Amino acid sequence: TGSSSISGGADISATANSDVVVITAGAKQNPGQTRLELAGVNFSILKSLLPDLLKHSPDAIFVLVTNPCDVLATAAQKLTGLPANRIFSSGTVLDSSRLRWLLAEKLDVSTSNVHANIIGEHGDSEFALWSQATVGNTPLLDWQLADGSTLSREVLDEIAYSVKTAAYKVIEGKGATNFAIGLSGARIVEAILNDEHAILPISSVLTDYHGVSGIAMSVPTLVTRQGASRTIDIAMEPHEQALFEASASAIRQSLSSLEI
């Protein structure tokens, strides 16, 4: 919202010499339609855009917002041959932001003191990593409310479910999601251009991360001027590891339907 100059056009050459290219082009997600169901048509759009974008900005960092963003980030990395740090998706940055906001409201604390992430697919198989969530320095599962009680797993799962289904609710209400993901995309670009070394749950192609390689999934990642500099290893309980592997399987299944 600061002072800025905006130019545009229908010719892709308008993007020439960009530091960061954010790709939002894709088919609209209809009410009730899952993100993974958009894979085929949006892959075709991405496939037609990438060669020219890369030709005009060979040194750019590419951030994909188009859904299914994990599938497309994986496909885009294979299509371009770019290192994983230079082509990745917005992942669960928005989902995690929604999670922290809802938790802060429930716990009556500032969102800046809630540290919790949604990881995995940006979609129906995503999950909240409750075992590593904290409020201030206190594990979330141990945090006491004003009456001395703690949040039950049932309440936490309801919060996670409302985050997972938030996009469906927005699409049903106004037909599209735009403002919140726009803010999340801007946050990622800000972290890149300012070389913030911020830790954000973006989705880049993983290499032996909790046993997963070759596909993009959202995990805490150090975001710098080089893009997705490195993933941050986090502990997972056995049931969380199983959810992570199930999420990877959902993305692989969608990828198998594409001709890359």
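Everything here concerns the structure above.
Conventions and cut-offs
Residues numbered from 1 in each chain as written. Predicted model: local features only at pLDDT ≥ 70, side-chain atom pairs only at ≥ 80, totals over all residues. Heavy atoms only, no water. Core = buried A, V, L, I, M, F, W, Y, C linked by side-chain atoms within 4.5 Å. Buried < 20%, exposed > 50% of the residue type's maximum accessible area, 1.4 Å probe, protein only. Helix = DSSP H or I, 4+ residues; strand = E, 2+ residues; numbered from the N terminus. Contact = heavy atoms within 4.5 Å. Pairing = 2+ DSSP bridges. Axes fitted to C-alpha atoms, helices over the stretch in contact; angles between N-to-C directions.

Participant: Give a detailed account of the nonpolar core, specifying residues and quantitative values.
Facilitator: In terms of nonpolar packing, the biggest core is built from 32 residues, with Ile23, Phe62, Met217 and Phe244 touching the most fellow members. For this core, the elements supplying multiple residues, two or more each, are strand E1 (20-23), helix H1 (39-56), strand E2 (61-64), helix H2 (69-80) and helix H7 (238-255). At five residues, H1 tops the list of elements feeding residues into this core. If you look at the next biggest cluster of nonpolar residues, it comprises 17 residues, including Val114, Ile118, Trp130 and Leu151.

Participant: Run through the environment of threonine 207, naming residues and quoting values.
Facilitator: Mapped onto the elements, threonine 207 comes out in the loop between strand E10 (203-205) and strand E11 (216-218). Taking the C-alpha atoms as reference, threonine 207 lies 9.5 Å from alanine 84; in sequence the two are 123 residues apart. Not counting the four nearest positions on each side in its chain, threonine 207 is found in contact with Val212 and Ser213.

Participant: An account of unusual backbone geometry is needed here, citing residue identities and associated values.
Facilitator: The peptide bond linking asparagine 67 to proline 68 adopts the cis configuration, its omega dihedral lying at 0°. If you trace the backbone, proline 68 turns up in the loop between E2 and H2. The phi dihedral of histidine 197 is positive, around 60°, even though this residue is not glycine. Taking the relative accessible area as the measure of exposure, histidine 197 reaches 46% and is therefore partly exposed. One non-glycine residue, histidine 210, adopts positive backbone phi at about 50°. Its location among the elements puts histidine 210 in the loop between E10 and E11.

Participant: Go over the sheet that holds strand E9 (residues 198-200) with me, naming the residues and quoting the values.
Facilitator: Here three strands make up an open sheet; going across it, the order is E9-E12-E13 and the pairing antiparallel. Two strands close off the open sheet at either side, each with one partner strand: E9 and strand E13 (227-231). Going from strand to strand, the sheet's axes swing by 40° on average, the running direction of each strand aside. Of the pairings in the sheet, the one linking strand E12 (residues 221-224) to E13 comprises four bridges and is antiparallel in character. When the sheet's bridge partners are listed, threonine 224 is paired in E13 with glycine 227.

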